[in-house]
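# Fold and geometry: a report
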Amino acid sequence: MEKAAKFEMDFMSIDDLDDIITIENASFPSPWSKRIFEKEIKASNSYKRVVRMSGMVVGYIVTWIIRDEIHILNVAVHPDFRNIGIGEKLIRDCINYSSEENLRYAILEVRISNMAAKRLYEKIGFKGMQLRKKYYSDTGEDAIVMAYEIL
């Protein structure tokens, strides 16, 4: 990848689904289906964005807005574009949006074994709040609930 590569943040659309599903399948042991993404794209109570490079989706985020918090449901980056700041860009943009909307907290769950994601969330300022035992039904793995105070 060239150093001069230009990444652009954009709203998620139905046209992005093929790229999103490719990333989703490469990123999670129990990936979301195309139908779930279609439903989330149409939902009004959420924030969902993609990062593009040369028109191709290389990362995405899907959230729900519930009262005064934004719950980060799904964030992933294409394996060929990891560790260059795309995940951080997505999360920070989400937090900026949440601040503009006067939301107080960003909340997420992360697999206890996902060290890279935990390091990223901690770098941004998320704090571990509690452990959810056997949260992930596909593996029985525990999740750490992490929160970021926005205001």
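Details of the structure are given in the entry above.
Quick summary incoming for the structure in this document. Just so you know, these numbers come straight off a predicted model, no measurement behind them.

### A look at helix H3 (residues 86-100)
Counting along an α-helix, one turn takes 3.6 residues, and residues three or four places apart therefore face a common direction. Helix length check: H3, at 15 residues, gives a terminal C-alpha distance of 21 Å against a target of 21 Å (1.5 Å per residue), a fit within 8%. Within the sequence span of H3, burial applies to Ile 86, Gly 87, Glu 88, Leu 90, Ile 91, Cys 94, Ile 95 and Ser 98. Lining the buried residues of H3 we find strand E1 (7-11), strand E2 (48-53), strand E3 (56-66), strand E4 (69-77), helix H4 (115-124) and strand E7 (143-149). Where H3 terminates, the next one or two residues include Asn 102, which has phi positive at roughly 60°.

### Quick look at the packing of aromatic side chains
As enumerated under the stated definition, the model contains six aromatic pairs in all. Taken together, a centroid distance of 4.8 Å and an interplanar angle of 35° make the contact between Tyr 47 and Tyr 97 tilted. With Tyr 47 in the loop between helix H2 (34-42) and E2 and Tyr 97 in helix H3, this residue pair connects regions lying 50 residues apart in the sequence. Here the aromatic cluster, defined as three or more aromatic residues joined through ring pairs, consists of Trp 32, Phe 37 and Tyr 60. Against the face of Tyr 97 rests Arg 49, its NZ or CZ located 5.7 Å from the ring centre. Positioned above the aromatic ring of Tyr 136 is the side chain of Arg 111, whose terminal nitrogen or guanidinium carbon lies 4.0 Å from the ring centre.

### A closer look at the sheet that holds strand E5 (residues 105-111)
Taken together, the seven strands give an open sheet; going across it, the order is E1-E2-E3-E4-E5-E7-E6, and neighbouring strands pair in mixed fashion. The open sheet has two free edges, formed respectively by E1 and strand E6 (127-132), since each of these has just one partner strand. Ignoring which end each strand starts from, the neighbouring axes of this sheet average 25° apart. In terms of strand pairing, E6 meets E7 through five bridges, oriented antiparallel. When the bridges of E7 are listed, Leu 131 appears paired with Ile 144. Along the sheet, helix H1 (residues 17-27) makes contact with E2, E3 and E4, crossing E3 at roughly 80°. This element, H2, spans E2, E3 and E4 of the sheet and lies at about 60° to E3.

Rules used throughout
Residues numbered from 1 in each chain as written. Predicted model: local features only at pLDDT ≥ 70, side-chain atom pairs only at ≥ 80, totals over all residues. Heavy atoms only, no water. Helix = DSSP H or I, 4+ residues; strand = E, 2+ residues; numbered from the N terminus. Expected span 1.5 Å × (residues − 1). Buried < 20%, exposed > 50% of the residue type's maximum accessible area, 1.4 Å probe, protein only. Contact = heavy atoms within 4.5 Å. Phe/Tyr/Trp six-rings, centres within 6.5 Å; stacked < 30°, edge-to-face > 60°. Lys NZ or Arg CZ within 6 Å of the ring centre and 35° of its normal. Pairing = 2+ DSSP bridges. Axes fitted to C-alpha atoms, helices over the stretch in contact; angles between N-to-C directions.

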